Every structure is written in C-alpha cells, then in structure tokens.
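Residue-level structural notes
Each chain, written out:
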Amino acid sequence: MIERLNPSSKDISIAVKDLDFSYGSSPVLKNIQLDIPENGVTSFIGPSGCGKSTLLRCINRMNDEIPSARITRGDIEIGGVNIYDSSVDVVKLRRDVGMVFQKSNPFPRSIYENVAYGLRLRGERDKAVLDQSVEQALHSAALWDEVKDRLQESALGLSGGQQQRLCIARAIAVKPRVVLMDEPCSALDPIATAKVEELIWDLKHAYTFVIVTHNMQQASRVSDKTAFFYMGEVIEFSDTSRMFSNPRFRKTEEYITGRFG
Amino acid sequence: MSPEENPSDLAPHRFQKRGFSYERAIKYFFASNAGLTIVILALIIIFLLKEGLGFFPGYQRELQVYRIAGLEFVDISRKNLTAHEQLTSVLNRAYYAEINGRCIKQMRRSQEASALFNAYTDQTGPTRDLVLNNSQAASSPNSEMLKNLKANYEQQKAKALASLTATPHLTQMERRDLIESVRSRAVNDTDDPLFVTTLAEEFTAAQHKQAEPLQALRSTIDSFSSAGSELSSLVSEMTESVIATKEKIQGADILEKDRKTLLAAASGAKDPVEREKLMTEARTSLADKPDVEGPIQLLLEHRPDCIKAHTALRDASTRIIGQLPSSLTQLEAARLLKAARHSWPFFIADLEKTPAAINAWKPDAPVPLTDSISSFLTGKDWVTGGEWQDFYGILPLAAGSLMISIVALVLAIPTGIGAAVYVNQFASPWEQSVVKPIIEFIQAIPSVVLGFIGILVFGTVLRDISLWDSLQWIPGFPLEERLNIFTAGCLLALMSIPTIFSLAEDAINNVPSAYAEASEALGASQVQTTFRVVIPAAFSGILAAVLLGFGRVIGETMVVLLVAGNRIKIPDFTAGLGTFFQPCHTLTGIIAQELGEVPMGSVHYRALFVVGILLFAVVLTINATAHRFVNKMKH
C-alpha cells in the first residue's frame, strides 16, 4: 500500500492520460489529455454539462460512489502514480487531494470541530497539535481574525463567504498537496469572492489548485493555466494569459467573449 | 378555447352571482372538516374532565367514611399483621426451599417420572375412557364399535409413546422400565405405575430425613407464626364491627342523595298537588342520622388491648430474630432468609411506632380535598370492589407501565436505530428493498394477535427456557409467572421497533448528502462518515423517534392487558433484575379491564377517567417534546 502518493518526489503534477469516462452508456469525457503543473492554479472553464466537474471529481475518485459511472479508458497519474491502480487506497488518496464544493457544506458542529475533523479522522488526539493545526489552517484561510473568539460556536452561524472559507480551511488543515475546487465562489457575493480568490493566490506556492469556474474574470485573475472544455473534450489548454488574449480556436474565443455558454 | 369563441366563459358563474363560487365551496368544505375535528377533540377533553374531576370530591367522601367508621383505625393494626404474615410466608418458603434443595435429586426424579406419566395419560385418557365406558355398556364385548374404539386407543397410545417427555435424571434402564410398565398397563388400570409411586415415596422419605436437622428452624418459624394470633383475632373482631358502621353510613348517604333528588324534582314540579306529594315523600325518607358515636366508642375501648398485642408481638419478634440461623445451605433458601432478615428491623420499627399512632388516631379529624388528590397520585394500593375499603392509588399502575416501557425501549432502541443506520448507510439496494418492508410489516400485525402469540408461544417458551439448569444464574429464573413485565416488554419492543426504525431512518435520510460528501472528500471511510457526521447530524431526529416510540409503548393497551400478568402491585424491587420477571398491571390495561364493569358515575368509574386523563397528558407531553426535536432538526 502506498502511504503517501510518492513521498520521495516533490512532484505533484497531475497527468491525465487518454481518459474516457461515461455514466452508464453515455460518454461524458472523451480522450482527455492534460498535464497540470504543480504549485500553480489551473482553471477548467466551459459551458454547463461539458464534463469539467466530472473530470475534477475523477482526480480524487469521488465518482467511485456513483454506481454507473466508470472510466472506460486511460488513467490519471499524480506525481507519477496511477491513482486508479488497485494498490492505491482511496481514503489515503483523498488525504492528499482535498476538495472544496460548490455549495459550502460545513458540518453542523463547532467551527473548531469542523477544521479539526480531518485531523481527528487520522487519529490525532493531542490537544496542542489540534489547536495549532486549527489555528494555522484558519490563518491560511484568512478566517482566524473573524472567528478566533467564537471557535466553539456552530459553524452554521457563519455567513456564506465565511462558511466557504471555513471549508477551505477544513480542506487544507490536513495538509493535502492538491486542492480541487468545484465552482467555489458561485454562491458568494463579490466581496466574499474576492477574499477567496486572494486566498488562492496566497496559497498557490504550496498547493496545486484545480478550479472549475463559470466566471471568466475569475479564471483570468487567479489561474496560471486554463483548460477550455466543450462537449466532453478539451478544446484548448494553455497559459491563461495567452488563452484570454490570443485563443487558438474559434470555439474558445466565442466562449470567452460570451457569444455562447 | 379562447374567450372570443365562447364569450359566456367570461360571464360570472351562476354560483358567483349569489356570492358563492366552487373554490369557496371547496374551501369551506375543508374548513368545516377541520373545524369539526377540533370541536370533537374539545368535546372529548371536556367529557374526560367532567367525568374525571368529579372523582376527587367522591373519593374525599369515601376517605372520610373510612375514617369516621373506624376502618382506618383497624388498618393501623392490620398493616402490621399483614407484614407478619408475609414474613412468616417468606420463612416458610425458605424452609421448604432448604429441604427440597437438599433432596433436589429425588425431587427431580420424582417430578420427571410423574411428568412423563401424566403427559402420557393426558394424551391417551379420552380414548381410553371411551373404551371403558362402551365396554361396560356394550352387551357383546366384540361389537364392531368397541373394536374401532380399541383400535383408536391403541393408535393414540402408540402416538403418545413416541413423544414422551425427557427424563435427564433417570438412568436409561429406569426409563426403559418405566416406559415398559406404561406400555403394558391394562386398559382399566387406574393406579399410577409402581415406579412413579416409589419415586414419590423416596422423595417424601428424603424430605422427612432432611427435615430432621431443621427441626429447630421449624419450631422457630411456628412460634413466630403463633405470636401473631392475639393481634389477628383482635383485628378480625374489630373488622366486623367497623364494617357494620360503614354500611350504616353508606346507607344514610344513599337515602340522603335520593331525598335531594326528590326535593329537586319537587321544586321543578308545576302542579301544586304533585309538588306536595313529592315533598311529603322526601320528608318521610329523611334518614335518621346514623349512630356513629356508639360503635366508635366501643372501638376506641380496644386501644389498650391493641397496644398490648403490638408490644407482645414486638417482644416475640425481637427474640425470634436471634434464634434464626444466620444462613442456609441452599441458594434459594439463603436468599429468602436474607430477605426476611433484611426486612425484620423495619417490621420491628413499625411495631414500635404503632402504639403512638393508635393513641393519636381521631375519628373526627377532617379529610381535606388535597388528601384525596395526594392519595391518588402517591397511593401504593389500587384496591377496588372489595367490601373493606376501595383505594385508588396510581403508583402500582404507573410503576407497571414504566417498567414495561423500560424493557421495551431497552430492546427496541438499539434494534430500531441499528436497523435504521444499517439500512440507510450500509445496505445494498437489494437489502434495502427487502428489510424495510419487512420491518414496516410488523406494524400491520394487529396488537391483539401479537398478544395472543405472546401468551401462547413467547410466554411458554420463555418459561421453558428459564427452567434450563445452565441459565439459573439469571436473576428471576426459573420464572414464577409465565406472563410478566419482561414478556410484555418484549412484545411492545417488537411493536415499537417499526415506529423507531421508520422515524430514525427518515431522520438519517434527511441529513444533507453534502455532509457525507465533505467527510468522504476529507478521507473518511464510510463507517467514519456514518458515525462522526451522519448520526450526530440526525441526532435530534433520532431522539424524536425514540420519544415517539416511548409514546407508542406507554399508550399500548391490548398487548399489556393480555401479556403483563395483570397483578396490581408495585413490583418488588428487592429482587434486583428479577423484578422484570414479575407480573404487573398498567395504566392502559386497568381502564380496558375495569371500565366495562363499573357502575356509571361511581367513584371507581371516575377514577378510571382520571387515569385516562393522566395517560392523555403523558402521551401528549411526549409527542409535543418529540415534535420540538423534529423542528429543531429542520432549522
């Protein structure tokens, strides 16, 4: 069993190789090829139903739970390890690949317990270690100053933006190496969105971020690389600055200029 | 269809012209239904309160009569007499348990042999009697009918011989001989087989032999038993006289009530002749004030005798406790002796306090209304229909209901919630589709059928199991009563499992899937997610499920009426866990059992209504609390 994905290498790049994916008999992803570099932000953009979220959920195998969903061809490697290999423990994979969902979903318990949850799962009982990790994670998520006096209060009492940052804190408290974000700001107001984006900017030197977004400005603001999805295929994948200034394909241009979507 | 094509659509409907429309009619229909429900509910509550609240003044009068007539005075002494009888009985049981325990082998052998023989005769008896009766009546012994009957008897005999009861304490040889002697019995042989009588004699002989070293204990018990005779005869003498006084007062009460009815009728009568007639009738029926003073004075003259008898009994008891052995060799006997020794000091203390109570007693002390309320709520006796005195104390019934609920919930909570967690979180879709309907199907069993099964199958099986030697370490085994708190609790658990299961499963199902998803994305396994996220999030809903299960259990009537054993007595908690194997009666059961038989409007009738009100209040409180939890979960 592989303890961490590949502890010897610092390489946490994600390589998607010739991936086909389908729900039952209907194909969702066709022949996906992506090399997501480490320590940076990669955005997935594209119209609804084009397979961005599906690919994102393939990276930490969240699709395993869906009965009819399966990969029909190809594989995904993180740091050179095929994560669909039978020797990979999915529970351990998810400790390395954290995820933040579209709708903020803190547990109905205290702020402290939300952040400590992942650590407790790992069997951490030392109060001092927990306290320190919680504080650190909340600092990283730029939430510490707002909640430090009410750590024992219910997380459900926080505002929407605070809840989403709490979910980010919860995801990074266990020190993953990859953080997947599925439209993390779609339910937030512009101020809260700006805070989350700032946060991603601050953290990207330490993590590999993959973000699904419908917001072109957001993609251009936060990401280093962008992949444009259309009808289950990656049409274009390049540096963000280049894609937004000089797209190679007409479909890409039409989408980012808002002619369809 | 557009308005141009059919302009009449725009015209008001003919109902609307009269300020009435279909929509309004439908609205009023449902509003009136809802209104009717509320009115009926209100009427039920008013009826309950009207019938029930009359209980307290009525009971107050009964308690007053109880005091005036001197019954209370006699009960002061009787209480100690009853305690004395109970202690005597416990000691006697200890004595026989000791003897039988010492010759347990002979006892078992004798019991098994006669059980085998009795089961055989029970099965073959009817056919045998037919043969015997007809062989006397028939003129020719070879008639066709007699032949048939004999064949039938032989057949029955073969069947009985094939299914004989087990005899673990007899040797193979003895069993074979016994069966042989049973098989070869003549049709008209009425004696028991020799082996059975021999074993019975052996057992009796063993008992006699074992009784010899226990002679000292025997005479101690006998002397304790006879120490109560003086008090006993005094009490029975006083009983007769106070009963007579009570009947006199009650008779006067009834006459007085009739007179009031006549007077009321008279004042309502319009015809002056009629009125005069009623008035005369009322005047003539004016009861003589019953003579209470005389009999009470006679009763009070017994005071010194009573006190003397108590002192004598106390002295005897203090002496006898010193003569009892400190322990006995047999487990059951030692337990009984210990129980007797334990209650002995309380018995003596009561005896010491009694003379003061006798002296302080006054026949004319007032009985306030609060006394009737407090003796209802905290009374330890529910005694009805006796010639002595009726008591309406709710504690034995409440204790029974509570004990049964405890058993039911202890069994149903883990099972119901466990099943809900499994079905919702771990079961495959196929398992879900099988398990859920099966558990919910239990609800479809009518409770009377369940009670029926409880008596015939569960109660009997449980008692048979309780006879197993390997289970004798369980307190309360072997069971004395087939129908008890535990059997009723088990069946009620079965009935409340579907309630708890369905509601708990709903609660778990209502936990947003985002919680589970977030937990899994953090690397939690399925079990971790279930126990750390899903169940805590569903907790208040699960609590509501438990409470509603409790409401179902405490309100259930049929099963407890059939299976709880219906003994109106506060369970004897000194038996420890064995308490759960005692029979009891319940709040619901008492209403179902007694309401049909009491005279309408009597105090007893009203007492049952108050029990009903109490139940209503309890169940209402439970349900309201449960709904608060459910609402809490929604927000």
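Residues numbered from 1 in each chain as written. Chains lettered and ligands numbered in written order. Predicted model: local features only at pLDDT ≥ 70, side-chain atom pairs only at ≥ 80, totals over all residues. Heavy atoms only, no water.

This part covers a negative patch on the surface. Residue and element names in this part refer to chain B. A grouping of E230, E237, E240 and D305 is seen on the molecular surface, where their side chains present a negatively charged patch. Within the secondary structure, E240 sits in helix α10 (residues 229-268). Judged by its relative accessible area of 64%, E240 is exposed. (Patch = residues over 30% accessible without salt bridge, like charges linked within 9 Å, V, L, I, M, F, W, Y side chains within 5 Å. Areas by Shrake-Rupley, 256 points an atom, 1.4 Å probe, with all protein chains shown as cover. Salt bridge = Lys/Arg side-chain N within 4 Å of Asp/Glu carboxyl O. Lys, Arg positive; Asp, Glu negative; His and termini not counted. Charge placed at Lys NZ, Arg CZ, Asp CG, Glu CD. Helix = DSSP H or I, 4+ residues; strand = E, 2+ residues; numbered from the N terminus. Buried < 20%, exposed > 50% of the residue type's maximum accessible area, 1.4 Å probe, protein only.)

If you check helix α4 (residues 71-102) of chain B, its first and last C-alpha atoms are 45 Å apart, about what 32 residues at 1.5 Å a residue would give, namely 46 Å. When the local axis directions of α4 of chain B are compared, the greatest deviation, roughly 30°, occurs at S77 of chain B. (Expected span 1.5 Å × (residues − 1). Bend = angle between axes of the 7 residues up to and from the residue.)

Inspection of the secondary structure assignment puts H604 of chain B in helix α25 (residues 603-634). Beyond its immediate sequence surroundings of up to four residues, H604 of chain B is in contact with W382, T384, Y392, E594 and V598 of chain B. (Contact = heavy atoms within 4.5 Å.)

For helix α22 (residues 539-555) of chain B, spanning 17 residues, the distance from its first C-alpha to its last is 24 Å, which sits close to the expected 24 Å at 1.5 Å a residue. Within α22 of chain B, 13 of the 17 residues are buried, leaving the element largely enclosed by the surrounding structure.

Below, the discussion takes up unusual backbone geometry. For residues other than glycine, phi is negative in most cases, and the peptide bonds are mostly trans. Residue and element names in this part refer to chain A. With phi around 45°, N39 is a residue other than glycine that occupies positive phi space. Looking at the element boundaries, N39 is found in the loop between β2 (26-36) and β3 (41-45). Judged by its relative accessible area of 37%, N39 falls in the partly exposed class. In this model, K175 sits at a positive phi of 55°, which is unusual for a non-glycine residue. By the element assignment, K175 lies in the loop between α6 (160-173) and β7 (178-182). Looking at K175, the relative accessible area reads 45%, which means it is partly exposed.

What follows is about the environment of I417 of chain B. With respect to the helices and strands, I417 of chain B occurs in helix α16 (residues 395-426). Here the alpha-carbon distance between I417 of chain B and I542 of chain B, two residues 125 residues apart in the chain, equals 7.6 Å.

Here the focus is the sheet that holds β3 of chain A. Residue and element names in this part refer to chain A. If you walk across this open sheet you meet the six strands as β6-β7-β8-β3-β9-β10, and the pairing is mixed. With one partner strand each, in any of the chains shown, β6 (97-100) and β10 (233-239) form the two edges of the open sheet. Each strand axis lies, on average, 15° off the axis of its neighbour in the sheet, ignoring direction. Of the strand pairs in this sheet, β7 and strand β8 (residues 208-212) are connected by five bridges, and their pairing is parallel. Across the sheet, the residue bridging to L180 is V210, located in β8. (Pairing = 2+ DSSP bridges. Axes fitted to C-alpha atoms, helices over the stretch in contact; angles between N-to-C directions.)

Another aspect to go through is the nonpolar core. Here is a general trend for soluble globular proteins: nonpolar side chains tend to be buried in one another's company. Counting residues in hydrophobic clusters, the biggest one holds 92 residues, and the most contacted among them are I14, L34, F44 and L55 of chain A. Top contributing element to this core by residue count: helix α19 (residues 485-509) of chain B, with 12 residues. One finds L87, I243, F347 and W388 of chain B within the second-largest nonpolar core, a separate group that totals 53 residues. (Core = buried A, V, L, I, M, F, W, Y, C linked by side-chain atoms within 4.5 Å.)

Residue and element names in this part refer to chain A. Across the sheet, four strands lie side by side as β2-β1-β4-β5; this open sheet has antiparallel pairing. In this open sheet, the two edge strands, each paired with only one partner strand, are β2 and β5 (81-82). As paired elements, strand β1 (residues 14-23) and strand β4 (residues 69-78) share eight bridges and run antiparallel to each other. Bridged to Y23 within β4 is A69. Here helix α1 (residues 52-59) sits on the sheet and contacts β1, β2 and β4; the angle it forms with β1, its principal contact strand, is near 120°.

Our next topic: the pairing of β4 of chain A. All names here are of chain A. The pairing of β4 with β5 spans two bridges and is antiparallel. Counted as the bridge partner of I78 is V81 from β5. Connecting the antiparallel pair β4 and β5 is a turn made up of two residues, with G79 showing a positive phi of about 55°.

This part covers the layout of surface pockets. All names here are of chain B. Estimates place the volume of the second largest pocket at around 940 Å³. The wall of the second largest pocket is formed by 27 residues, among which E62, D253, I254, K257 and V603 lie closest to the centre. Sorting the residues of the lining of the second largest pocket by element identifies α3 (55-68), α10 and α25 as the ones contributing at least two each. At 10 residues, the largest contribution of residues to the lining of the second largest pocket is made by α10. A class-by-class count of the residues in the lining of the second largest pocket yields seven nonpolar, seven polar and 13 charged. For the lining of the second largest pocket, the domains that each give at least three residues are domain 2 (63-74 + 227-378) and domain 4 (405-634). (1 Å grid on protein atoms, 1.4 Å probe; cavity = no way out; pocket = protein on both sides within 12 Å on 5 of 7 lines; lining within 4 Å. Points joined across faces, edges and corners; volume = space filled by probe spheres on them. Nonpolar A, V, L, I, M, F, W, Y, C, P; charged D, E, K, R; others polar. Domains from an automatic or database assignment.)

Residues and elements named next belong to chain A. Most of strand β9 (residues 225-230) sits inside the fold, with five of its six residues counted as buried. Sheet topology note: the β3/β9 ladder contains four bridges and is parallel. Following the sheet pairing, T42 is matched in β9 by K225. In this structure, β9 lies alongside β10, joined through six bridges in antiparallel fashion. By the bridge assignment for β10, A227 is matched with F237.

Attention now goes to the packing of aromatic side chains. Residues and elements named next belong to chain B. One pass over the structure, following the stated rule, counts 23 aromatic pairs over all chains. Seen in terms of ring centroids, Y605 and F609 are 5.0 Å apart; in terms of plane orientation they differ by 55°. Their pairing is tilted. Of the two residues, Y605 and F609 both sit in helix α25, four residues apart, roughly one turn of that helix. Using a relative accessible area of 9% as the deciding quantity, one classes F609 as buried. (Phe/Tyr/Trp six-rings, centres within 6.5 Å; stacked < 30°, edge-to-face > 60°.)

For the rest of this paragraph, the subject is the state of the cysteines. All names here are of chain A. Per the stated rule, a full pass over the model turns up zero disulfides over all chains. No disulfide involves C50; its sulfur sits 13 Å from that of C58, the nearest cysteine. Note on C50: relative accessible area 2%, which makes it buried. Its sulfur unpaired, C185 is 12 Å from the next cysteine sulfur, which belongs to C167. (Disulfide = S-S within 2.5 Å.)

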